[in-house]
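Each chain, letter by letter, is given below.
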Amino acid sequence: PLPTQGSLLYLDILRATFPKALDPRGTALLSWAPSGPRAPAGWPLPTLYCTPAEAGTMPSRAAALRVQLLFALRVRALRVLEAGLAAELHDALAALRSGWPGLAQDLALGTLSPQPGLPEGARGRLQALLTPDASRAAELRAECARGFEGIVQRLWPQLEVVVVGMAHGAEQLYCDALCQSDCKGLPFYCPFYGAAGALLGVNLWPEEPVPRFLLCPDWAFYEFLPCPAEEEPRTVLLGELWEGREYGLVLTARPGEYRCHAREVLRVTGFHKQCPVVQPVRRESQVLSVRGESIPEERFCQSLCRTVGMWPGARLVDYVCLESSLLGASSGACAPHYQVFVELRGLRDLSEGQRYKLDQCLQEDFPIYKSFRFKGSIGPLRLHLVGAGAFARLREALGSPIPMPRVLREERLLQLIQGTVIS
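If you're wondering where the values come from, they're calculated on a predicted model, not measured in any experiment.

Draft legend 1. Representation of unusual backbone geometry within the structure. Put simply, C227 and P228 share a cis peptide bond, and its omega is 0°. In this structure, R25 takes a positive phi of about 60° despite not being glycine. Considering the arrangement of structural elements, one finds R25 in the loop between helix 1 (4–17) and strand 1 (27–30). Classification of R25 as partly exposed rests on a relative accessible area of 46%. The phi angle at Q274 is positive, at roughly 75°, despite the residue not being glycine. Along the chain, Q274 falls in the loop between strand 10 (258–272) and strand 11 (275–283).

Given below as C-alpha cells:
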C-alpha cells in the first residue's frame, strides 16, 4: 500500500504544477484491475475520477479499457488523463482509432453496447450512469475524421497532463510513441517508483521528460551493490552513494519482513536535501545470452530503435525477443540465435536487406556479439513482423495488469507468444 506521505506529496506536486488538476471529476482513469479497483497513484479518491470504479474490474482488459474510454469521452473539460501503464493508454487510444463510430453512437444514445468480456449485469449498472449527448458525439466524429495526430488534446482541450504508473524500461516505448502522435504537446508524469512489491520513491519534477525519483528513507530499508560488481561485493547505504554511479538495489520492505536483491539497477543523478535522486537504468534479469554475450534489454532496445529509424516511414510499436533454444525444433537447425517479433506502424513488410539491418546494428553496438557471429557460434538474428494489435491481444491473454517482459524466459509466456503473436 502507498504510504500516506506519498499520497500527499503527489497531490501537492500535481496541484502546484498543474493548478486545475485536482478539479472534481476532472481525471479519467484508464487502468485494468480485475482483482479490484485501484488507481495507479495508489489510493482511492473517487471524487477526482469521472470513470466509475466498476469499469476497471471487467474480466476482459479490452472491455474495461473501452468502457473507461467511453466515460472519459463524455467529459470535455478533462484535466488529467491517468493510466496504470503507458501500454494501457496506448491500447485504449488504439480502440478509439478502430472503434470511434461505435463510441460516438454510444455517446449520442447514452447506451453501452454489448461486447465480449462485458457481463450483462455490469453493463446494465454502468449504462444507468450514461445520458445521451449528441453534441459531444458530433464533436468526436468531427475530430476523428480529421485524423489522430494530437487527438487527445483536440478531444480534451483543457487537459493539462498525462499521468502513467510506469514510464521507464519497455514502457518508455509507448510513452515515446504517444508523445509523437496521439498525445503530442502534453507532458507525461510518472509519479512513483517501486520494486519488489514496495513503493520506494516519488518524482518531484513532473515537467521533466525523463522521470527521476527521490528515494524516501522511511518507506523501506535500502542497501546498494556498486556496479560493476566488485570482487568482494559489499552493500553500501543511502549515505554512501555517489552521484553519477550505478548501483544494484537490495531491499528490505516493512523492516524485518523480507530482504531481497531486487535485480534493479539505479543511477544516482543527484541529491535533494541529502536524499539520493535516482533514475532506473535496467533490470539485471532481462538479458540476452545464447553464448554468454549478455546483452541487456535496454541496450538491445536502443539498437532496435536505431534500426527502425533506418526504415522510412516505420514506427516501432512493441517487440519481444527470445533465444532460439526456447522454440526447440521450430527455430531451425542453425546455430543458437535470437528470434525477434516486432509490431510496426507505417510499414507492412521488409526486404531481406532491411531485416538484416538489426543484426548488423547489434554487431556494431556489441563487439562480443560480432565476434561470435564471425566465428559462427551465434547464427543470424531472425526478425518477424506481426500484425497490428498482436501485442494488445498478448496483454489480454496474459490476464495480468503488470508490465510484460520483452526478453522472454518463462514457458507460459512462450506459449502465449506462440498462440497470439507467432500464429
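Read on for the rest.
Draft legend 2. The nonpolar core, seen in detail. In this structure, L81, L89, L96, W156, L200, Y222 and F224 are the most contacted members of the largest nonpolar core, which totals 103 residues. Leave out the neighbours within four places in its chain, and L96 touches L69, L73, L103, L140, C144, F148, I151 and L155.

Draft legend 3. Examining the sheet that holds strand 16 (residues 382–385) more closely. Taking strand neighbours across the sheet as the criterion, the three strands line up as 14-15-16 in an open arrangement whose pairing is mixed. Each edge of the open sheet is held by one strand with a lone partner, namely strand 14 (315–323) and strand 16. Taking the axes of each pair of neighbouring strands and ignoring which way they run, one obtains an average angle of 25° across the sheet. In this sheet, strand 15 (residues 338–345) lies alongside strand 14 in antiparallel orientation, the contact comprising eight bridges. Among the inter-strand pairings, C321 is bridged to a residue of strand 15, identified as V340.

Draft legend 4. Structural view of the pattern of salt bridges. All chains considered together, the criterion is met by 24 salt bridges. R61 is paired through a salt bridge with D91; the nearest N and O atoms lie 2.7 Å apart. Here R61, found in helix 2 (residues 61–73), pairs with D91, found in helix 3 (residues 86–109); they are 30 residues apart in sequence, far enough to count as distant. In terms of burial, R61 and D91 fall into one category: buried. Through salt bridges that share partners, R61, D91, D318 and R395 make up one connected network.

Draft legend 5. Fine view of the environment of H261. Position of H261 relative to the elements: it lies in strand 10. Along the chain, H261 and L225 lie 36 residues apart, while their C-alpha atoms are 9.3 Å from each other. In contact with H261, other than residues within four places in its own chain, are L225, L249, V250 and E284. Within the local environment of H261, its side chain forms a polar contact with the side chain of E284, the two groups lying 3.4 Å apart.

Draft legend 6. Molecular detail of the side chain of D106. Among the structural elements, D106 can be located in helix 3. Since its relative accessible area comes to 2%, D106 is described here as buried. Ignoring sequence-local partners within four residues, the contact set of D106 consists of R66, L70, T111, L112 and S113.

Draft legend 7. View of the packing of aromatic side chains. Taken as a whole and judged by the stated rule, the model has seven aromatic pairs. Aromatic pair Y10 and F192: ring centres 5.8 Å apart, planes at 45°, arrangement tilted. Of the two residues, Y10 sits in helix 1 while F192 sits in strand 5 (residues 192–195), which places them 182 residues apart along the sequence. Since its relative accessible area comes to 2%, Y10 is described here as buried. On the numbers, 5.7 Å between centres and 35° between planes, the contact of Y193 with F213 is tilted. One end of the pair, Y193, is in strand 5; the other, F213, is in strand 7 (residues 213–215), with 20 residues separating them in the sequence. You'll find Y193 and F213 in the same group, each marked buried. Aromatic rings pair up to connect Y10, Y189 and F192 into one cluster. A cation over a ring is seen here: R212 above W205, with NZ or CZ 4.0 Å from the ring centre.

What counts and what doesn't
- Residues numbered from 1 in each chain as written.
- Predicted model: local features only at pLDDT ≥ 70, side-chain atom pairs only at ≥ 80, totals over all residues.
- Heavy atoms only, no water.
- Helix = DSSP H or I, 4+ residues; strand = E, 2+ residues; numbered from the N terminus.
- Buried < 20%, exposed > 50% of the residue type's maximum accessible area, 1.4 Å probe, protein only.
- Core = buried A, V, L, I, M, F, W, Y, C linked by side-chain atoms within 4.5 Å.
- Contact = heavy atoms within 4.5 Å.
- Pairing = 2+ DSSP bridges.
- Axes fitted to C-alpha atoms, helices over the stretch in contact; angles between N-to-C directions.
- Salt bridge = Lys/Arg side-chain N within 4 Å of Asp/Glu carboxyl O.
- Polar contact = N/O pair within 3.5 Å; in protein donor to acceptor, adjacent residues only side chain to side chain.
- Phe/Tyr/Trp six-rings, centres within 6.5 Å; stacked < 30°, edge-to-face > 60°.
- Lys NZ or Arg CZ within 6 Å of the ring centre and 35° of its normal.

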